[in-house]
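# A look at the structure
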Amino acid sequence: MTFGVIAIWVVALGALAMCLRRSPAVARRAVQDATSGLGRVLPVMLMALPMAAFVAELIPAGWAETWLGPDSGVGGIVLASLAGGLMPGGPFVAFPLVLGFLKAGAGPSQMVALISGWAILGLHRTLAWELPILGGRFILLRLVASFSLPLLAGLAAEAMLPLFPGVAAR
């Protein structure tokens, strides 16, 4: 178990203890809500994780290293930023794919840009949710204002790589 997983368990169990302290009925509702949420997410996870692993294995040999590898430089960071913005799906798809790209030879800076593009630009989310709710003018402003952020994140990651030796080794 990683530190992050342990921290989440500690926070969850602490919250449960606080619910129990408030009343057993509150704790029971919280457990029911958590179980219901897990029931909705679990089927997605059970399909998305293997799907992402299968897709990652289908990445042609050398492709990730050539286009998104550590030596692809700024061009690879730009490509990864754009690919991240176009990549559909939630975290159960995105993170295993990034792991697959890393295993196939993609550079960590490029994957920082890809995840940042996915999180910040997210065309699938923009079209499905933001555009109908917030309108085109706001979306255009948001996209233009934030377009450079994944690129900057990738460049910052590249500059900080010496501080994190072995970061791509998983």
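Structure: above.
This section reports on the structure supplied with the text. Owing to the predicted nature of the structure, the values given are computational and were not obtained by experimental measurement.

## Thoughts on the overall build of the protein chain
Within the protein chain, the regular secondary structure consists of nine helices and zero strands. For the protein chain, the C-alpha atoms occupy an extent of roughly 55 × 45 × 30 Å along the three principal directions. Pairs at least 24 residues apart make up 72% of the contacts formed inside the protein chain by residues separated by at least 6 positions. Accessible surface computed for the protein chain: about 11100 Å², of which carbon and sulfur atoms make up 76%. One finds the centroid of the 10 positive side-chain charges in the protein chain at a distance of 22 Å from the centroid of its 6 negative side-chain charges.

## Concerning the pattern of salt bridges
With the rule as written, the count across this model stands at two salt bridges. Note that R125 and E130 form a salt bridge whose closest N and O atoms lie 3.2 Å from each other. A relative accessible area of 27% means that R125 is categorised as partly exposed.

## Looking at the side chain of S109
Within the secondary structure, S109 is located in helix α6 (residues 108-120). Setting aside anything within four residues of it in sequence, one finds S109 in contact with I77, G154, A157, E158 and L161.

## Focus on the packing of helix α5 (residues 91-103) against α6
Where α5 meets α6, the axes come as close as 10 Å, and the angle between the chain directions of the two elements is 165°. Comparing their axes, α6 and α5 come out roughly antiparallel. Where α5 crosses over α6, the two elements pack in a sense that is right-handed. Along its contact with α5, which presents P91, A94, F95, V98, F101 and L102, the element α6 presents P108, M111, L114, I115 and W118. Looking at the contact of α5 with α6 residue by residue, the classes come out as 11 nonpolar, no polar and no charged.

Conventions we followed
- Residues numbered from 1 in each chain as written.
- Predicted model: local features only at pLDDT ≥ 70, side-chain atom pairs only at ≥ 80, totals over all residues.
- Heavy atoms only, no water.
- Helix = DSSP H or I, 4+ residues; strand = E, 2+ residues; numbered from the N terminus.
- Contact = heavy atoms within 4.5 Å.
- Areas by Shrake-Rupley, 256 points an atom, 1.4 Å probe, with all protein chains shown as cover.
- Lys, Arg positive; Asp, Glu negative; His and termini not counted.
- Charge placed at Lys NZ, Arg CZ, Asp CG, Glu CD.
- Salt bridge = Lys/Arg side-chain N within 4 Å of Asp/Glu carboxyl O.
- Buried < 20%, exposed > 50% of the residue type's maximum accessible area, 1.4 Å probe, protein only.
- Axes fitted to C-alpha atoms, helices over the stretch in contact; angles between N-to-C directions.
- Parallel < 35°, antiparallel > 145°, perpendicular 65-115°, else oblique.
- Left-handed = near helix turned anticlockwise from the far one by under 90°.
- Nonpolar A, V, L, I, M, F, W, Y, C, P; charged D, E, K, R; others polar.

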